[in-house]
Amino acid sequence: MAMDAGAAAQKALTKVEKLVAMSASPHLEEARTSAFLACRLIREHGLQVCAHRPSAASAPGVPTPGVPHRQPQADPNGFRRIRVRHPGHCRCCGNPIAPGEWALWCRGNGLRHPLCAN
Ligand SMILES: [Zn+2]
C-alpha cells in the first residue's frame, strides 16, 4: 500500500463523480445509496466539491444537478426523503400525497413525489 494521499483522493473523486451520476437513477434505492456513498467519500477524503470540472465530459445543454455540499442526509437538490404524516399535494404534478407515502420535502418548497423530482 504505497498510494499517497493525493492519489487516493483522486481515486475517490473519480468514484464520487460516478456515484453522483448514478444518484440521478430512476431506481430510488440505487439513487439514494449512490448519493449516500458519494457524501461519505466526500467527507472521508475531505474533497472539495467545485462547480468547475475541467475534465467533465458532460454533454452541453444538459443541466448538471447540484453537487451536495457536505450535507449528510440531504439529496443534491436539498430535498429530504420523508414519510408523509399529513395529506398534501405534490408541487410538481399537483396530485395528492397520502399519509404513509414516501415523498421528498424541502423547506420552503413543499412536497414532491420522489419520481416527480427527477
Ligand atoms: Zn407528483
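Sequence order sets the numbering: in each chain, residues are counted from 1 along the sequence as written. With pLDDT at 70 or above as the cut-off, local features in this predicted model cover only qualifying residues; side-chain atom pairs require 80 or more to be listed or tallied, and sums for whole chains, interfaces and linings still use all residues. Side-chain metrics rest on all non-hydrogen atoms present in the structure, leaving aside hydrogens and water.

A.B. asks: What should I look at first to understand the overall build of the protein chain in this one?
C.D. replies: Numbering of helices and strands runs from the N terminus, with a helix taken as a DSSP run of H or I at least four residues long and a strand as a DSSP run of E at least two residues long. When helices and strands are tallied, the protein chain shows 2 helices and 5 strands. The helix and strand sequence of the protein chain, counted from the amino end, reads α-α-β-β-β-β-β. In what follows, residue pairs with any heavy atoms lying within 4.5 Å of each other are defined as contacts. Put simply, of all contacts in the protein chain between residues at least 6 apart along the chain, 33% involve residues at least 24 apart. In short, Shrake-Rupley with a 1.4 Å probe defines the accessible areas, and a residue's cover is counted only from the protein chains shown. Element-wise, carbon and sulfur atoms account for 56% of the exposed surface of the protein chain, whose accessible area totals about 8,500 Å².

A.B. asks: It is not clear to me how the coordination of the zinc ion should be interpreted in this structure. Could you clarify?
C.D. replies: Any N, O or S atom lying within 2.8 Å of the metal counts as a donor, with the limit raised to 3.2 Å for Na, K and Ca; because water is left out of the atom set, some sites can appear incomplete. Around the zinc ion, the protein supplies Cys90 (SG), Cys93 (SG), His113 (ND1) and Cys116 (SG) as donor atoms, at distances of 2.0 to 2.3 Å. The rule is simple: four donors are tetrahedral if all their angles sit between 85 and 135 degrees, four are square planar and six octahedral if opposite donors span more than 155 degrees and the others lie between 65 and 115, and anything that fits none of that is irregular. Classification of the site at the zinc ion as tetrahedral follows from its 4 donor atoms and the range of 101 to 115° in their angles at the metal. All donors of the zinc ion belong to a single chain; written as a sequence motif, their spacing is C-x2-C-x19-H-x2-C. Of this pair, Cys90 sits in the loop between strand 2 (88-89) and strand 3 (96-97) while Cys116 sits in the segment after strand 5 (110-112), and the two are 26 residues apart along the sequence. Residue Cys90 is classed as buried on the basis of its relative accessible area, which comes to 4%. The exposure class of Cys116 is partly exposed, given its relative accessible area of 27%. Per-residue accessibility, obtained with a 1.4 Å probe over protein chains only, is compared with the maximum for each type, and a residue is labelled buried under 20%, exposed over 50%, and partly exposed between these values.

A.B. asks: Any chance you could explain the packing of aromatic side chains here in plain terms?
C.D. replies: Aromatic rings considered in pairs are described by the distance between their centres and by the relative angle of their planes. For this analysis, a ring pair means two rings from Phe, Tyr or Trp (six-membered ring only for Trp) whose centres lie within 6.5 Å, classed as stacked if their planes differ by under 30 degrees, edge-to-face if by over 60, and tilted for the remaining angles. Under the defined criterion, the tally for this structure stands at 0 aromatic pairs. Positioned above the aromatic ring of Trp102, the side-chain terminus of Arg81 is 4.9 Å from the ring centre. For a lysine, the NZ atom is tested; for an arginine, the CZ atom; a charge sits over a ring if that atom is within 6 Å of the ring centre and within 35 degrees of the ring normal.

A.B. asks: It is not clear to me how helix 2 (residues 28-45) should be interpreted in this structure. Could you clarify?
C.D. replies: Helical geometry: 3.6 residues make up each α-helical turn, so side chains three or four residues apart lie on a common side. To estimate the expected span of a helix, subtract one from its residue number and multiply by 1.5 Å. For helix 2, which comprises 18 residues, the first-to-last C-alpha distance of 26 Å matches the rise-based estimate of 26 Å (1.5 Å per residue) to within 8%. Residues of helix 2 that are buried include every one of Ala31, Ser34, Ala35, Ala38, Cys39, Leu41 and Ile42, and no others. Taken down its axis, helix 2 places every buried residue within 160° of arc, on the same side. The inward-facing, buried residues of helix 2 abut helix 1 (5-22). The arc under discussion is defined with respect to the helix axis, by the directions toward the C-beta atoms.

A.B. asks: Explain the side chain of Ser25 here, please?
C.D. replies: Along the chain, the position of Ser25 falls in the loop between helix 1 and helix 2. Relative accessible area serves as the criterion here: at 7%, Ser25 is assigned to the buried category.

A.B. asks: Explain the pattern of salt bridges to me, please; I cannot follow it from the model alone.
C.D. replies: Salt bridge, as used here, is a side-chain nitrogen of Lys or Arg placed within 4 Å of a carboxyl oxygen of Asp or Glu. Evaluation of the coordinates by the stated rule reveals 2 salt bridges. The salt bridge involving Arg40 is made with Glu44; its shortest N-O contact spans 3.9 Å. Here Arg40 and its partner Glu44 are both found in helix 2, 4 residues apart, which amounts to about one turn of the helix.

A.B. asks: Would you take a moment to explain the packing of helix 1 against helix 2 for this structure?
C.D. replies: Two numbers describe how helix 1 lies on helix 2: the axes approach to 8 Å, and their chain directions differ by 155°. Viewed along their axes, helix 1 and helix 2 adopt a mutual orientation that is roughly antiparallel. Considering the relative orientation of helix 1 and helix 2, their crossing is left-handed. Facing helix 1, whose interface residues are Ala8, Ala9, Ala12, Lys15, Val16, Leu19, Val20 and Met22, helix 2 presents Glu30, Ala31, Ser34, Leu37, Ala38, Leu41, Ile42 and His45. In the contact of helix 1 with helix 2, the residues fall into 12 nonpolar, 2 polar and 2 charged. Only the stretch in contact is used when a helix axis is fitted, and all axes are lines through C-alpha atoms; the angle between N-to-C directions ranges over 0 to 180 degrees. The labels follow the angle: roughly parallel below 35 degrees, roughly antiparallel above 145, roughly perpendicular from 65 to 115, and oblique for the rest. If you view the pair so one helix is near and one far, a crossing is left-handed when the near helix is turned anticlockwise from the far one by less than a right angle, and right-handed when it is turned clockwise. Polarity classes work like this: nonpolar for Ala, Val, Leu, Ile, Met, Phe, Trp, Tyr, Cys and Pro, charged for Asp, Glu, Lys and Arg, and polar for all others, with Gly in that last group.

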